[in-house]
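Now for the letters of each chain:
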Amino acid sequence: MRSADIRKIFFDYFTSRGHTRVPSSSLVPDDPTLLLANAGMNQFKPYFLGEVPPPYPRAVSVQKCARTSDIDNVGRTTRHATFFEMLGNFSFGDYFKADVIRHAWTLLTEHYHLDPAKLWITVYQDDDEAIDLWLQVGVPADRIQRLGMDDNFWSMGVPGPCGPCSEVCYDRGPAFGPAGGPEANGERYLEIWNLVFMQNLRGENAGGGKGDFPILGELPNKSIDTGLGLDRIAAILQGVDTVCETDLLAPTLAAVECLAGRRFPGHDGSVESVSFQVITEHARSTAFLIADGVLPSNEGRGYVLRRLMRRAIRHARSLDIDRPVLAEVIDSVIDNLGDDWPDLHTQRDLITAVASREEETFGVTLRQGTRLLDAAITRTRTSGGTGLTGETAFELHDTYGFPIELTLEAAQTAGLTVDKDRYAALLDEQRRRAKKSSKAQTTAAMRRQETYREILAQHGRTDFVGYTATTADTRILALLTDGAPVTEASEGQQVEIIIDRSPFYAERGGQIGDTGTLTTANGTTIEITDTTYGLDGFHVLTGQITQGQAHPGQPAHAVVDATRRAAIARSHSATHVLHAMLRRNLGDHARQQGSLVAPDRLRFDFAHFAPIDPDQLHTINTMINDYLLADPVVRVWHATRAEAEEAGALAFFGDTYGELVRIVDIGDASRELCGGTHVTHAAQAGPVRILSESSIGAGLRRIEAFTGRDALQRADHEHRLLEEATRLIGSRPDDLISTLSKRLTALAEAEKKLADYRRQELETIATSLAGERRAHGDGFVVAAQVTDVSAAELRSLAAAAMHRLPQDTAAGVVLAAISDGKANLAAAVNTQVLNRGIQARQILLRAATTIGGGAGGNGSVASAGGRDATALSDGLTQAESDLMAAISQ
């Protein structure tokens, strides 16, 4: 049974039983407690918590998931993956245990035709009800096992909804391990479906174990969250041993075989077997992460992506693949899965470009790390050591991104050991610090969200009226300071304010939050400095009380800064048109990857692989203004997500959309899902003045532009600069470029002549210095202080003078000069001195200390600089003494 059929059967089964089909959310979740989407229930979290009324009582989805907690198991087990598709059915206060158990058994045995005799069940240790229900559908008691919280109590890994669960496992037979049920062997008894009875709310982890978290209480409604792993059930239904051999990954595994020049040996536990599977699996993860807007970096989800990519590259190296691999292997992922996940096709150019660039970058890292490692090995050998320190290995890994495996390999080849225990201790210490910091941030976010949730439960969602009004009569529902509710706040205090009816737009989709004022009848005034979402549909105002006192329950009048709001609307509409014109000129791959919409200015990040030619950028800017000047109508309308996408509306990474979406049309050029504020006619958004276009990462470009009043002010400023430039150069504006070009050509010629004169002058000085050489033993020395030379010229002068000395015997030059108030020294020695094992830098080491600086350079020429110009004479004397000592050797 192909994976496409598995998906279809799942959807058909549940939609025919009243479940609404919901698209997968992005891998980039709209949840501050999560780095990446790791379960099908993530997008439904507000429904489980009761923050938002669910638009349907039942749902079914296939969710893209990423779990890097399993990264080290990829290839070592047959079942683990860092990316997978989670088939799930959900009930929001509708059906519960009895129905979900019946659905799971029926679907598995009657629709997927799994042998009931091979299905085993695990339940939470004291869940007698679940056991009775499994017995009722026909599971024998000897194939039901009770397990503890670590195995059968599910949570997201962070505070939030949770509950006891029951897992369905499939017995793959003795070839996969000993008998004993799921509690004895997870490889043989493969977990395929987890049924979570979502009824509890968990708190922050108090210990460190998987089950070390407090249960804070019951959720508003008992609900159901299930997850059937597509990889795993496909492996069973297709009769293969590993997830990499299913039709989801088999074409990618074949691409790796082609690159390696040999077949996959099967899951035999060998290093080679692991490498085949790691490259295959990580290529899929990489493709989906980049398609959802994640780009490689050194922090957050970007670091997760970078780690996956570099791990795949390293395993390709272990297979002796000596060519770039990522782009080619990822192409096979897109070819295979792109029809089911169209964003892969849409973003193909971006995905492969980012992968190729990261592989090039990692190549540079490996070369740099290899040089540093070789130097460390040489130092260790020279000093008589037998091994590299853990600090050295850790620095290579942490600072330079050099894999520990390569350090171990190189050390072994050199006959050295590596202090792996110390390396592991340093790595563990770093991880604990990072985990502690992340935990603190997550805890603070969760506490604040819990406070918001309590207010939401008491007062309901914010009634946002800002699309049609910039003022509103409202009431203060709650005041918070430092995230905690207060009963009163006084003049001068910074506060968060919750109101019931708000005209203030909360920051989302790149558009910054509104500002303005909140006043009460008794004269209290609060200056609103920002508006954000505390929870979905729940606005939080940030402000300072400038007069009087505020307390919950007060009626108030809210006024948005209308001038600022209008300027933001201009920028937002201009951003949509900029996006449309970029796609017209560069191609459909030039999709939005991020934006900032501010008063009269915008920043727009988009996918593209090379700088935009200045002429093309000018053309795009002209097209934007021409389109705005034509004044097409701006139309806002609503539809279901499916209807909007069918109509060609664009949706973007990281943005979260409900079932009913808001669409903004600007003429016939732009149609986007958007919750922001806009002008009513396009001409109100202009003019637009593009300021810059630059790279901000692999395959990612950024345009910054002014709009409205700021664009006009920028044009006026540039006009005044042009007038001043024409006045200074003495030409008309239309002749400025040609006149300036002639002046610059003449200046370049004059500078060349001056450089020639200066070179001749320095050669004369060098000849004169060489003529003043003094014999020392069987060699020659030149030592002198010169004037009116730069540090660079001093170095060149020393080299030129040295070349004018006899070369058949030891000879050298040391020179001194003051330049820009600093002391400078230069030294040059000939081959006879170098053959004695002495380089020019050694001549200046002690002298550099004398003048308060350091020496640099290798081989025959070196220089030194210091802050103490008064010590220059002493420095020269020291350098001369060390030169004579070198010649006397």
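As shown above, the structure is provided for reference.
So, here is what we can say about the structure in this document. (Residues numbered from 1 in each chain as written. Predicted model: local features only at pLDDT ≥ 70, side-chain atom pairs only at ≥ 80, totals over all residues. Heavy atoms only, no water.)

## A look at the sheet that holds strand β34 (residues 853-856)
By definition, the strands of a sheet pair up through backbone hydrogen bonds, in either a parallel or an antiparallel sense. Rule in force here: Strands qualify as paired when DSSP identifies two bridges or more between them. Segments assigned H or I by DSSP are reported as helices when at least four residues long, segments assigned E as strands when at least two residues long, and all are numbered from the N terminus. Here, axes are lines fitted to C-alpha atoms. For helices the fit covers the stretch in contact, and angles between N-to-C directions go from 0 to 180 degrees. Note on contacts: a residue pair is in contact if any heavy atoms of the two residues lie within 4.5 Å.
The six strands lie next to each other as β30-β31-β32-β33-β35-β34, forming an open sheet whose pairing is mixed. In this open sheet, the two strands that pair with only one neighbour each are β30 (774-776) and β34. Averaged over neighbouring strand pairs, the angle between their axes works out to 20° when direction is ignored. Here β34 pairs with strand β35 (residues 861-866) via four bridges, running antiparallel. Note on β35: the bridge partner recorded for Gly853 is Gly866. Docked against the sheet, helix α21 (residues 791-803) engages β32 (811-819), β33 (822-829), β34 and β35, running at close to 25° with respect to β33.

## Comments concerning helix α3 (residues 97-111)
Operational definition: To estimate the expected span of a helix, count its residues, drop one, and scale the result by 1.5 Å.
With 15 residues, α3 extends 20 Å from end C-alpha to end C-alpha; this agrees with the ideal 21 Å at 1.5 Å per step. Just beyond α3, the residue with positive phi is His113, at close to 60°.

## Re the packing of aromatic side chains
The following threshold applies: Only centres within 6.5 Å qualify two rings of Phe, Tyr or Trp (six-membered ring in Trp) as a pair; their planes then separate them into stacked at under 30 degrees, edge-to-face at over 60, and tilted for everything else. Whether a residue is buried, partly exposed or exposed follows from its accessible area with a 1.4 Å probe, protein chains only, as a fraction of its type maximum: under 20%, in between, or over 50%, in that order.
In this structure the tally under the stated criterion is 22 aromatic pairs. Ring plane angle 55° and centroid distance 5.3 Å describe the contact between Phe44 and Phe92, whose orientation is recorded as tilted. Taken together, the positions of Phe44 in the loop between β1 (20-21) and α2 (45-49) and Phe92 in the loop between β3 (83-91) and α3 put the pair 48 residues apart, joining distant regions of the chain. A residue is classified by how much of its surface remains accessible, and Phe92, at 8% relative accessible area, is buried. Plain terms: the ring middles of Tyr452 and Phe538 are 5.8 Å apart, the flat faces sit at 50° to each other, and that makes the pair tilted.

## Here's the deal with the pattern of salt bridges
We apply this condition: For this analysis, a salt bridge means a side-chain nitrogen from Lys or Arg found within 4 Å of a carboxyl oxygen belonging to Asp or Glu.
Enumeration according to the criterion identifies 48 salt bridges in this entry. Note that Arg2 is salt-bridged to Asp247, the shortest N-O span being 3.7 Å. One end of the pair, Arg2, is in the segment before α1 (3-15); the other, Asp247, is in the loop between α6 (230-237) and α7 (250-260), with 245 residues separating them in the sequence. For Asp231, the salt bridge goes to Arg284, with nearest N and O atoms at 2.7 Å. Residue Asp231 is found in helix α6, and its partner Arg284 is found in helix α8 (residues 271-291); the two are separated by 53 residues along the sequence.

## Observations regarding the packing of helix α12 (residues 348-382) against helix α14 (residues 404-413)
Cut-off, in case you're wondering: Angles below 35 degrees are treated as roughly parallel, those above 145 as roughly antiparallel, those between 65 and 115 as roughly perpendicular, and all remaining angles as oblique. Crossing chirality is assigned from the near helix's rotation relative to the far helix, an anticlockwise turn below a right angle marking it left-handed and a clockwise turn marking it right-handed. When residues are grouped by polarity, Ala, Val, Leu, Ile, Met, Phe, Trp, Tyr, Cys and Pro land in nonpolar, Asp, Glu, Lys and Arg in charged, and all others, Gly among them, in polar.
Close contact between α12 and α14 brings their axes to 11 Å; oriented N to C, the two are set at 40°. The angle between α12 and α14 falls in the class oblique. The two elements α12 and α14 meet at a crossing, and its hand is right-handed. Contact residues: α12 offers Leu366, Leu373 and Ile377, while α14 offers Leu406, Thr407 and Ala410. Partitioned by chemical class, the residues of the contact of α12 with α14 number five nonpolar, one polar and no charged.

## Quick word on the pairing of β35
Direction of pairing for β33 relative to β35: antiparallel, over a ladder of six bridges. Counted as the bridge partner of Leu825 is Ala864 from β35. Taking the residues that link successive antiparallel strands as the turn, the β34-β35 hairpin has four residues, and the phi of Gly857 there is positive, at about 120°.

## Some remarks on helix α19 (residues 708-729)
Our working definition: To be clear, the arc concerns the directions from the helix axis to the C-beta atoms.
Its 22 residues place the ends of α19 32 Å apart at the C-alpha level, agreeing with the 32 Å of an ideal helix rising 1.5 Å per residue. For α19, the complete set of buried residues consists of Gly708, Asp710, Ala711, Thr726 and Ile729. Take α19 and look down its axis: the buried residues cluster within an arc of 150°, on one side only. α19 presents Leu712, Arg727 and Leu728 as exposed residues on the side facing more than 90 degrees away from its buried surface. Gly730 sits one or two positions beyond α19 and adopts a positive phi of about 75°.

## Thoughts on the pairing of strand β28 (residues 688-697)
If a strand is regular, its side chains alternate between the two faces of the sheet. With eight bridges joining them, β28 and strand β29 (residues 700-707) adopt antiparallel strand pairing. Of the residues in β29, the one forming a bridge with Val688 is Thr707. Between the end of β28 and the start of β29, which pair antiparallel, lie two residues, with Gly699 showing a positive phi angle near 70°.

## Observations concerning the sheet that holds β29
Pairing in this open sheet of four strands is antiparallel, and the strands run β23-β24-β29-β28 from one edge to the other. Edge positions in the open sheet fall to β23 (592-598) and β28, since each of these has one partner strand only. Across the sheet, the axes of successive neighbouring strands diverge by a mean angle of 15°, strand direction being ignored. As judged from the seven bridges shared by strand β24 (residues 601-607) and β29, these two strands associate in the antiparallel manner. Within the sheet, the bridge partner assigned to Arg601 lies in β29 and is Phe706. In the packing of helix α16 (residues 562-586) onto the sheet, contacts are made with β23, β24, β28 and β29, and the angle to β24 comes to roughly 30°.

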